[in-house]
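The lines below spell out each chain.
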Amino acid sequence: MARLTLPQLERHLFSAADILRGSMEASAYKEYIFGMLFLKYASDQFDAEREQVIADQLARGRSQEEAEKRAESAAFYKTFYVPERARWEQIHGHLHKNIGDGLNKALQDLELSNRSLDGVLQHIDFNRKVGQSSMSDRKLRELIVHFNKVRLRQSDFEFPDLLGAAYEYLIRDFADSAGKKGGEFYTPRSVVRMMVRLADPHEGMSVYDPCSGSAGMLILSKEYVEENGGDGHNLALAGQEKDGSVWAISKMNLLLHGIPDADVRNNDDGTLEDPAHVQSGELMRFDRIITNPPFSMNYSREDMKFPERFARGWTPEKGKKADLMFVQHMLAVTRPGGLVTTVMPHGVLFRGGEESKIRTALLNDDMIEAVIGLGPQLFYGTGIPACILVLRPKGSKPAERWGKVLFINADREYREGRAQNYLEPEHVEKIVTAFHAFEDVEGFARIVSRAELAENDDNLNIRRYVDTTPEPEPQDVRAHLHGGIPKIEVEAKAELFVTHGLDVSKLFANLDDDYLQFGEGIQSKHDLKRYIESNSGVLAAETTVTGAIEQWWRAEHTRFDKLTAAADLVDLRRELIASFETVLRPTAMLDRFQVSGIIASWWGETQADLKALATLGYRGLIEAWVATVLDALEEDGTKVDPLDHKAARALLPDYLDKLADLDVQAAELDAAIKAATSGGTDDDDGPSGEVSEAKLKQLKARRTVARRQLKAEKAAFAHQLETACKALDDAGARGLVLDLFRGDVRREAERRVARHRRSVVDAVQIWWDKYKVTLTELEVKRDTAADKLAGFLTELGYE
């Protein structure tokens, strides 16, 4: 049986959500999907373990009846013991009426039979009303039938933590769909990774998230420790979540990521009013607090437990200003020597009143270590600017940082998206490097003394200390009046041009001592772009980058042969990142953060394939890719074109080119027929330029043949792909996989090279926009237009 791949499982889960989409908001139906997925996985894995238990008992000489009876003992099961009413064969085979009740009882029985699920599944209610009604039996049955299509045993997965990765995908998809509500339970993982790297947890520590949502901070803390060679299981993880259904999702998420012992608690009042982590009447304390609390909410001081947490002041209960109350709670539960990283809205940095007094108290106690401004729209459903505060308990800062606060203005460090912006690995690398270096970086980071902060009334507005506003574009009056490009402006861009290999002396001609003009071959703005992109120096500089990647790949590609288990990826990642940075940093075009971003982005995109490679080998990975393509071919409405999968392109390049040619041919014939039937052709066959009936009939016949051929070739694609896959020997499989990996690294680099090239083109084209048309030319055009208008007015009788 072919292994289940991550893209296959993601599509399966997306299709499950499609069944409920439109019936209610994503924030409402997410628990149905999570609950059903967990039931199916628990039951399928139980079946696998039960079969093994029965086989072991039969091998001991027991009868089939005795073996099956002993297999009902929960002690035999490593994952979950699933009682009969919660088994999938019962749910799928017998649950047709009152399905919500039946599913709730199945969850209840499953929870009661497993201590690790204590209190978790009771928060999922398949009878919960949304609006005026609950989910219909028809919809729930449709969901059951859909989940029955895919078996979810661990032995079916292409790599061990496949279900955890798919669960993360599902959480992210729900956050995308839920908009603002998505931000209540999901923080973009790029932001989480940055916060974890800032906090730098080590094995043996405790990590706490007081507003834990889907538990991303805790899961990525474990992964970070493992990536750095530590034992992720030797990390005490704790959290608190107010929303019961989100808490249940987080517990399942932790379990599916192999973290059964995280101390994540749920209560109705929430962390501020009623912190749940209490031992012997005292608040528990932790080494690292990493969190994204809800922005700008109200709170109630009445019956507030452990009020001593707020010794530095109380913000107004109304007016949505609980942010610094959360900060005080975090510091109150941090051990001496510990550290807090938390997301905050910018308002906490400068608002007056009680918040100002709390800020001053925190600064006086030297508890604020860094203030990091982030780019806009990085978080779900909010455009509110956000920052990261790094804090330590009183007396816990390193001695060299006493009385100082590091301000990092990273508000320009993001990649722009349509609905949301993205923090990429190079942005994370730049921020984290600046924090750990704790030194001034021009236009990005600055150390500010306590005295200077006091002079500014303890206003922590980041732009007061690090302003990243670009310098205004220089405007040369003489150039505007008479033309020419000021040499001083070109010299200011010299570093940009040199790093990309552009010799501007061949692009410009000398006008006089102070001004240049465009060379003779430049007749339009587009000519500038064409010249730069084809310039030999530019091409040579770009080849230097790709050449360095090829050099690195030749030295490192054999490391993939040594992957035998997913655990090997920890060392591989560390070694590949270190060697890549060593080889690529000498290239002048990309800075150290962009270089780090290339390999980190590639690793993030390829990680699932690398896990599959470690589990299945080269041939197994290709077979998994082919299975993903074939599965997508059978599914209507898939978001990704299966013919565009990298495995399909590698195995059948000529065949795909043939399909593309047939597609173009059919489209061209279709366009010709539409033009003919609408009278839009220049053909002179007919008396008035229309296509004759005979020619039109001929065109339609050719189109029919092309469409049939295209359909036939597409129908044969699956067979062709399977045949090409089977034809590969072991050496061919290895070569194909490694070529694709290398190509992916190169594409990551080429994207960054292209961005740098665009900045070069933009820099030159702006001089065309500013200075190419002089004031004299504009005046001539104005006078000509005025004369023409006057002539028209005279013709109309106006004097």
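Residues numbered from 1 in each chain as written. Predicted model: local features only at pLDDT ≥ 70, side-chain atom pairs only at ≥ 80, totals over all residues. Heavy atoms only, no water.

Novice: Would you mind going over the pairing of strand 3 (residues 263–266) with me for this structure?
Specialist: Pairing geometry for strand 2 (residues 236–241) and strand 3, over four bridges, is parallel. Residue pairing in the sheet places Glu 241 in a bridge with Asn 266 of strand 3. Regarding the hand of the β-α-β motif, the stretch spanning strand 2, helix 10 (residues 244–256) and strand 3 is right-handed. (Pairing = 2+ DSSP bridges. Helix = DSSP H or I, 4+ residues; strand = E, 2+ residues; numbered from the N terminus. Right-handed = clockwise from strand over helix to strand, strands pointing away.)

Novice: Sorry if this is basic, but what is going on with a nonpolar patch on the surface here?
Specialist: Taken together, the side chains of Val 477, Leu 481, Val 773, Leu 775 and Leu 778 present a nonpolar region at the surface, about 390 Å² in accessible area. For the nonpolar patch, the secondary-structure elements that each account for two or more residues are helix 16 (477–482) and helix 27 (775–795). (Patch = residues over 30% accessible without salt bridge, like charges linked within 9 Å, V, L, I, M, F, W, Y side chains within 5 Å. Areas by Shrake-Rupley, 256 points an atom, 1.4 Å probe, with all protein chains shown as cover. Salt bridge = Lys/Arg side-chain N within 4 Å of Asp/Glu carboxyl O.)

Novice: I would appreciate a short explanation of the environment of Ser 190 in the present structure.
Specialist: Relative to the helices and strands, Ser 190 is located in helix 8 (residues 189–199). If sequence neighbours within four positions are ignored, Ser 190 has contacts with Leu 423 and Val 428. Within the structure, the side chain of Ser 190 is placed 3.3 Å from the backbone oxygen of Leu 423, a separation counted as a polar contact. (Contact = heavy atoms within 4.5 Å. Polar contact = N/O pair within 3.5 Å; in protein donor to acceptor, adjacent residues only side chain to side chain.)

Novice: Please clarify how the sheet that holds strand 10 (residues 404–409) should be interpreted in this entry.
Specialist: Strand pairing in a sheet relies on backbone hydrogen bonds. The paired strands run either parallel or antiparallel. Within the open sheet, the nine strands sit side by side as 3-2-1-6-7-9-8-10-11. Their pairing is mixed. A single partner strand is all that each edge strand has here, and the edge strands are strand 3 and strand 11 (445–449). In this sheet, adjacent strand axes meet at a mean angle of 15° when their direction is disregarded. In this fold helix 10 packs onto strand 2 and strand 3, with an angle of close to 165° to the strand it touches most, strand 3. (Axes fitted to C-alpha atoms, helices over the stretch in contact; angles between N-to-C directions.)

Novice: Explain the pattern of salt bridges here, please?
Specialist: One pass over the structure, following the stated rule, counts 61 salt bridges. Between Glu 413 and Lys 430 there is a salt bridge, with its nearest N and O atoms 3.2 Å apart. Of this pair, Glu 413 sits in the loop between strand 10 and helix 13 (425–437) while Lys 430 sits in helix 13; the two residues are 17 residues apart in sequence, bridging distant segments of the chain. For Lys 430, a relative accessible area of 23% translates into the label partly exposed. The closest approach of N and O atoms between Lys 674 and Asp 670, which form a salt bridge, is 3.5 Å. Of this pair, Lys 674 and Asp 670 both sit in helix 24 (residues 653–677), four residues apart, which is roughly one turn of the helix. The class of Lys 674 is exposed, set by a relative accessible area of 53%. Among the ionic contacts, a cluster of salt bridges with common partners joins Arg 415, Glu 424, Glu 426, Glu 748, Arg 751, Arg 752 and Arg 755. (Buried < 20%, exposed > 50% of the residue type's maximum accessible area, 1.4 Å probe, protein only.)

Novice: Hey, could you run me through the packing of aromatic side chains in this one?
Specialist: Under the criterion given, the structure shown has 22 aromatic pairs. Between Trp 602 and Trp 603, the ring centres sit 6.2 Å apart and the planes meet at 70°, which makes this aromatic pair edge-to-face. Taking relative accessible area as the criterion, Trp 602 reaches 1% and is therefore assigned buried. These aromatic residues form a ring-pair network of at least three members: Trp 552, Trp 553, Phe 560, Phe 580, Trp 602, Trp 603 and Phe 741. Across the ring face of Phe 435, the terminal group of Arg 401 is positioned such that the distance to the ring centre comes to 5.4 Å. (Phe/Tyr/Trp six-rings, centres within 6.5 Å; stacked < 30°, edge-to-face > 60°. Lys NZ or Arg CZ within 6 Å of the ring centre and 35° of its normal.)

Novice: Sorry, what's going on with the packing of helix 8 against helix 13 here?
Specialist: Relative placement of two packed helices is described by the angle separating their axes and the distance separating the axes. Running from N to C, helix 8 and helix 13 cross one another at 20°; their axes reach a closest spacing of 10 Å. Here helix 8 lies roughly parallel to helix 13, going by the angle between them. The interaxial crossing formed by helix 8 with helix 13 has right-handed handedness. Along its contact with helix 8, which presents Ser 190, Met 194, Arg 197 and Leu 198, the element helix 13 presents Val 428, Glu 429, Ile 431, Val 432, Phe 435 and His 436. In terms of residue class, the contact of helix 8 with helix 13 is built from six nonpolar, two polar and two charged. (Parallel < 35°, antiparallel > 145°, perpendicular 65-115°, else oblique. Left-handed = near helix turned anticlockwise from the far one by under 90°. Nonpolar A, V, L, I, M, F, W, Y, C, P; charged D, E, K, R; others polar.)

Novice: Just checking my understanding: could you explain the confidence of the model for the chain for this structure?
Specialist: For any part of a model where pLDDT is low, the fine detail of the predicted coordinates should not be relied upon. When pLDDT is averaged along the chain, the result is 91, and 95% of the positions lie at 70 or above. Every residue in residues 681–689 scores below 50 in pLDDT, and together they form twelve contacts with partners more than four places removed in sequence or on other chains. (pLDDT = per-residue confidence, 0-100.)

Novice: Help me out: how do you make sense of helix 20 (residues 536–556) in this one?
Specialist: What sets the pattern is the α-helix's 3.6 residues per turn: residues three or four places apart point alike. Between the first and last C-alpha of helix 20 there are 30 Å, a value that for 21 residues agrees with the 30 Å anticipated at 1.5 Å per step. Val 538, Ala 541, Glu 542, Val 545, Thr 546, Ala 548, Ile 549, Glu 550, Trp 552, Trp 553 and Glu 556 are the residues of helix 20 that are buried. Residues of helix 20 that are buried make contact with helix 18 (494–499), helix 19 (525–534), helix 21 (569–584), helix 22 (592–634) and helix 26 (730–771). For helix 20, the N-terminal capping position is held by Asn 535, with its side-chain oxygen 2.9 Å away from the main-chain nitrogen of Gly 537. (Expected span 1.5 Å × (residues − 1).)

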